[in-house]
Amino acid sequence: MSARIRIAPSLLSADFARLADEIAAVEAAGADLLHLDLMDGHFVPNLTFGPPVVAALAAVATVPLDAHLMVTDPDPLVTALADAGVQRIAVHVETCRHLHRTLAGIRDAGMEAGVALNPASPLTSLDEILGNIDFVLIMSVNPGFGGQAFIPSALNKIRRLRRLIGEQKIDISVDGGVDPETAGPLAAAGAATLIAGSAIFGSDDRERALTELRRAAQRGNES
Ligand code: DX5
Ligand code: ZN
């Protein structure tokens, strides 16, 4: 199985009035990345934050920032997010008319480029683009909100994606409903980066929650 599983807390479920403290807490607990959900109230029925807030978070974060763009028009955000200090960006395949160009723009700006797939979007949409990406973000909920129930078909999708990727160096990330119960099976299926919001920030003890998640993931990874 793959090396150490990475845990990326999703700030969507954090206390928005105390984001710097929340970041410090999950970094102290060993977070590998910070997952930032940018939503436009159009592609998804929720609205979060944009580059100025991301820049403020980058100023206090010490781990890489992972931006997940749930917006109808991601292209205008790419440069602003690079300038803000983001290290990797996932765009939804459902939003990109010119996916190849968008991904090239992300890499040209010095970031890792990823494609996010909604639960109903097929892996075949990656066929022509695997050589141009650094990671795939498999959605195991419909995007827009934290705390939704895990969609179990994501497990099989990840297994199939693992086979499709073969020896290529492409990270499989999974987002939605990741908790100590689903983390093990997800890691065993081939997910290498687990994004978790409510499972971490829904707990009074962020450190304990993150450690529990990591243990469950590592057990699945070694199974
Ligand atoms: C949902 C977001 C997720 C969200 C996951 O659209 O992309 O990153 O924070 O939340 P949980 O882990 O609570 O399912
Ligand atoms: Zn996300």
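Please read all numbers here as calculations on a predicted model, not as lab measurements. (Residues numbered from 1 in each chain as written. Chains lettered and ligands numbered in written order. Predicted model: local features only at pLDDT ≥ 70, side-chain atom pairs only at ≥ 80, totals over all residues. Heavy atoms only, no water.)

Novice: Sorry if this is basic, but what is going on with the overall build of the protein chain here?
Specialist: Tallying secondary structure elements over the protein chain gives eight helices and eight strands in all. Principal-axis analysis of the C-alpha atoms gives the protein chain an extent of 45 × 40 × 30 Å. Going through the 223 residues of the protein chain one by one, you find that 54% of them count as buried. Once local pairs closer than 6 in sequence are excluded, the contacts in the protein chain between residues at least 24 apart make up 66%. Carbon and sulfur atoms make up 51% of the accessible area of the protein chain, which amounts to about 9,600 Å² in all. Once the 18 positive and 27 negative side-chain charges of the protein chain are each reduced to a mean point, those two points are 6 Å apart. (Helix = DSSP H or I, 4+ residues; strand = E, 2+ residues; numbered from the N terminus. Buried < 20%, exposed > 50% of the residue type's maximum accessible area, 1.4 Å probe, protein only. Contact = heavy atoms within 4.5 Å. Areas by Shrake-Rupley, 256 points an atom, 1.4 Å probe, with all protein chains shown as cover. Lys, Arg positive; Asp, Glu negative; His and termini not counted. Charge placed at Lys NZ, Arg CZ, Asp CG, Glu CD.)

Novice: Explanation requested: the coordination of the zinc ion (ligand 2) in the structure shown.
Specialist: Note on metal sites: the ideal angle is 109.5 degrees for four tetrahedral donors, and 90 or 180 degrees for six octahedral donors. With distances of 2.0 to 2.3 Å, the protein atoms coordinating the zinc ion (ligand 2) are His-35 (NE2), Asp-37 (OD), His-68 (ND1) and Asp-175 (OD). In this structure, the zinc ion (ligand 2) is coordinated by six donor atoms arranged in octahedral fashion, with angles at the metal of 72 to 171 degrees. (Donors = N, O, S within 2.8 Å, 3.2 Å for Na, K, Ca; no water. Tetrahedral: all angles 85-135°; square planar, octahedral: opposite > 155°, others 65-115°.)

Novice: Explanation requested: the packing of aromatic side chains in the structure shown.
Specialist: Two measures describe an aromatic ring pair: the distance that separates the ring centres and the angle between the ring planes. Inspection of every chain in the model, using the stated rule, returns one aromatic pair. The cationic tip of Arg-88 hangs over the ring face of Phe-135; the distance from NZ or CZ to the ring centre is 3.6 Å. (Phe/Tyr/Trp six-rings, centres within 6.5 Å; stacked < 30°, edge-to-face > 60°. Lys NZ or Arg CZ within 6 Å of the ring centre and 35° of its normal.)

Novice: Would you mind showing me how to read the site of ligand 1 here?
Specialist: Taken together, 19 residues lie near ligand 1, and Ser-10, Gly-144, Gly-147, Asp-175 and Ser-198 sit nearest. Between ligand 1 and His-68 there is a distance of 3.2 Å, counted from an oxygen atom to a side-chain nitrogen or oxygen. Within the backbone of Gly-147, an N or O atom sits 2.7 Å from an oxygen atom of ligand 1. Alone, ligand 1 offers 380 Å² of accessible surface; in the complex the protein occludes 100% of this. Here the shell around ligand 1 gets three residues from one element, more than from any other, and that element is strand β2 (residues 34-39). (Near = heavy atom within 4 Å. Polar contact = N/O pair within 3.5 Å; in protein donor to acceptor, adjacent residues only side chain to side chain.)

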